[in-house]
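# Structure assessment
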Amino acid sequence: MTLTATNPVLPGCFPDPSVIRVGQDYYLASSSFAYYPAIPLHHSRDLVHWRPIGHAIDRGDQIDLGGIRASGGIYAPTLRYAGGRFHLVCTVVDGRGASGNFLISADDPAGDWSDPVWLPEAPGFDPSLFFDGDGSAHLLGTREIPGTGGRTEIWLRGLDLEAGKLTGPEHVLFRGALVDARWAEGPHLYQVDGWYVLLLAEGGTEHEHAVTVARSRELTGPYENHPGNPVLTHRHLGRSYPVSGVGHADLVRTPAGDWYALALASRVYGGPHSNLGRETFLARVEWEHGWPVFNPGEGRLTDHVEVALPAHPWPVPDTTDHFDAGTLDTSVWNLLRGPATDAYSLTERPGHLRLRLLPQTLAERSTPAFAGRRQQHIDCAAETELDFTPGAPGEAAGIAVLQNDTHHITLLVTTAEDGGAVVRLTAHDAGTSTVRGELPVGPGPLRLGLRTRGQAYTFSVAQAPDGRRDVGTVDGRFLSSQVAGGFTGVYLGPYATGPAGGANHADYDWFRYGPAAE
């Protein structure tokens, strides 16, 4: 039996995929940067349909993300399975607390993960686990070669999983496939037909990204560079090609012996802009003369991939969150830099998400009253019902579209100069805030909406007796990573703020998100 996958198989900001198979089940981990809970985990039975099963970092005392920049934090996890347990290694970049590489483990990936075991002897970033045929564990990693402007090397050492300590001598395996290769990183190691196969990301995670490969008969090398490198990239297709920045792949084998790869890439639209971030794509892999071939006959990521597995879809989640549960659904919603327990409540007014008007704003490296979900469609529609009355100047609540602290859009109900209430649309571009639209609103609940058509972000308000009115349209190109920088995609959702010492709050009855109607 076969089924057809449509790429991306995980739309929205799910970069740096790491995938494993345990029996008939596939599990995938992704990067999360400054968002909390951290390291989203997904489960599949067919490599096509993926369901969220939790996060590896979901307790505030596991890792301190406070003060981390928007594209700092949690980088590039590697997920592996050995000895009946799941193991994950990852990096915290620019952490205010502990930073560097760490190891966590779990009996069930959907259950509780251990507290991090920090690996201070492991330099650099992008750690990866490898379990050899004799059962020994090894840690790979990436470190920059000083004074080279982004040239790196891949190192390997033994790992005592129980003690959480590196063991034995260090071996430098590889320094990149191409001449003067920059940012050879994200290493993954496999045993295939008597070879140790080393898969890398190379060229930086923007347009020049690529997948390269080397191999050796011995674990510690020397590693032979594949003469056909890179084995997967889109950089030669030009910046107008609709999928760009392909790289950071991980391989997985089905019970029948078929191979597939999960890799990151970005959909670009409205020019060379990718607002949705780096998404997870699927590719077929075959082996020729001991080397992997990605999507044979195509040599690039394709819109559709035939998968030799029986289909196993999951129930389709509701497009509307009615906030009826007593806890926030973190399979949908993320917070910034921590649990934000002082920012929201789902019990003070049952059936509503209550945001407190904290003084922290999206323009700070803090934990504001913001619950964000990924934008996953180029053309999307979002709407919420808000019950909020501003009681003092500076109090505001509504929705936000967030790329980072210097690039975002807000549609907020706030106080007008005459003391009444208005809904105000503001674009925050590179630290400059510009009002792009404003309409008066009356007391009582109202609906705030967003529609995107490509890079056009159109915001609206609806309140009886006026019906829906457009507040304004903002060109969203400045929300793309090509303009704003960084590694994340756009998030959107409820947001509130107000002066310190205030006691006001905003209540959201529901929030709906989905693809825009044709």
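Residues numbered from 1 in each chain as written. Predicted model: local features only at pLDDT ≥ 70, side-chain atom pairs only at ≥ 80, totals over all residues. Heavy atoms only, no water.

## Some details on the nonpolar core
The condition that has to hold: Throughout, nonpolar core names a set of buried Ala, Val, Leu, Ile, Met, Phe, Trp, Tyr and Cys residues whose side chains join them through atoms within 4.5 Å. Burial classes follow relative accessibility: with a 1.4 Å probe on protein chains only, a residue under 20% of its type's maximum area counts as buried, one over 50% as exposed, and anything between as partly exposed. Under the DSSP-based scheme used, a helix requires at least four consecutive residues in state H or I and a strand at least two consecutive residues in state E, with every element numbered from the N terminus. In what follows, a contact means two residues having at least one pair of non-hydrogen atoms within 4.5 Å.
Counting 48 residues, the largest nonpolar core has Leu353, Val401, Val423 and Phe459 as the members making the most contacts within it. Looking at this core, the element that brings in the most residues is strand E40 (residues 505-515), giving four residues. Not counting residues within four places of it along the chain, the set of residues in contact with valine 401 comprises His408, Ile409, Leu450, Tyr457, Phe459, Leu479, Val490, Tyr491 and Leu492. Among the nonpolar cores identified, the runner-up in size contains 25 residues, and Ala29, Leu41, Ala56 and Cys90 belong to it.

## Considerations on the sheet that holds strand E9 (residues 100-106)
Test applied: Whether two strands pair depends on DSSP finding at least two bridges between them.
Strand order in this open sheet of four strands is E7-E8-E9-E10, and the pairing throughout is antiparallel. Since the sheet does not close on itself, it has two edges, and those belong to strand E7 (73-82) and strand E10 (117-118), each with one partner.

## Considering the side chain of arginine 267
The following threshold applies: Pairs of N or O atoms within 3.5 Å make up the polar contacts considered here, provided that, within protein, one atom can donate a hydrogen while the other can accept it, and that residues adjacent in sequence are counted only when both atoms are side-chain atoms.
Here arginine 267 is to be found in strand E21 (residues 259-267). Residue classification places arginine 267 among the buried positions, given a relative accessible area of 18%. At 2.7 Å, the side chain of arginine 267 and the side chain of glutamate 279 are in polar contact. From its side chain, arginine 267 meets the backbone oxygen of glutamine 376 in a polar contact 3.2 Å long.

## Quick notes on the pattern of salt bridges
Between side chains of opposite charge, a pair can form as their charged atoms come close. So the rule is basically this: Think of a salt bridge as a Lys or Arg side-chain nitrogen and an Asp or Glu carboxyl oxygen that are within 4 Å of each other.
With the rule as written, the count across this model stands at 27 salt bridges. In this structure, glutamate 286 and arginine 284 form a salt bridge, with 2.9 Å as the shortest nitrogen-oxygen distance.

## Observations concerning the pairing of strand E37 (residues 456-463)
Most of E37 sits out of view: seven of its eight residues are buried. Relative to E37, strand E36 (residues 446-453) runs antiparallel, the two being bridged by seven bridges. In the sheet register, leucine 450 faces E37, and the bridge partner there is phenylalanine 459. Adjacent in sequence and paired antiparallel, E36 and E37 are bridged by two residues, among which glycine 454 carries a positive phi angle near 60°. Here E37 pairs with strand E38 (residues 467-475) via eight bridges, running antiparallel. Counterpart to glutamine 463 in the pairing with E38 is glycine 467. Joining the antiparallel neighbours E37 and E38 is a turn of three residues.

## Comments concerning the side chain of asparagine 275
Among the structural elements, asparagine 275 can be located in the loop between E21 and strand E22 (279-288). Beyond its immediate chain neighbours, meaning those up to four positions away, asparagine 275 contacts Tyr269, Gln455, Tyr457, Gly476, Leu479, Ser480, Gly489 and Val490.

## Description of the packing of aromatic side chains
Selection rule: Each Phe, Tyr or Trp ring, with Trp reduced to its six-membered ring, pairs with another whose centre is within 6.5 Å; inter-plane angles below 30 degrees give stacked pairs, above 60 give edge-to-face pairs, and intermediate values give tilted ones. Criterion for a charge above a ring: Arg CZ or Lys NZ at most 6 Å from the ring centre, at most 35 degrees from the ring normal.
Scanning the entire structure with this criterion turns up 12 aromatic pairs. On the numbers, 6.1 Å between centres and 35° between planes, the contact of phenylalanine 323 with tryptophan 333 is tilted. With phenylalanine 323 in the loop between strand E25 (320-321) and strand E26 (335-336) and tryptophan 333 in the loop between E25 and E26, the pair connects residues that are 10 residues apart, well separated along the chain. Both residues of the pair, phenylalanine 323 and tryptophan 333, count as buried. Put simply, the rings of Tyr27, Tyr81 and Phe86 pair up and form one aromatic cluster. The ring of tryptophan 314 carries the charged tip of arginine 51 above its face, separated from the ring centre by 4.0 Å.

## Side note on unusual backbone geometry
Between tyrosine 36 and proline 37 the backbone carries a cis peptide bond, its omega angle lying at -5°. The omega torsion across alanine 464 and proline 465 is 5°, close enough to zero to call that bond cis. In this fold, proline 465 is placed in the loop between E37 and E38. A positive phi angle, close to 60°, is found at phenylalanine 33, a residue other than glycine. Tracing the sequence through the fold places phenylalanine 33 in the loop between strand E3 (25-29) and strand E4 (35-36). For aspartate 180, which is not glycine, the phi torsion reads 55° and is therefore positive. Within the secondary structure, aspartate 180 sits in the loop between strand E14 (165-174) and strand E15 (185-192).

## Some thoughts on the sheet that holds E22
The cut-off we apply is this: In this analysis an axis means a line fitted to C-alpha atoms, helices contributing only their contacting stretch, and an angle means the value between N-to-C directions, from 0 to 180 degrees.
Pairing within the open sheet is antiparallel, and its four strands lie in the order E20-E21-E22-E23. Only two strands of the sheet have a single neighbouring strand rather than two, namely strand E20 (243-253) and strand E23 (291-294). Along the sheet, successive strands turn relative to each other by an average axial angle of 35°, direction set aside.

The analysis is restricted to geometry; functional conclusions fall outside its scope.
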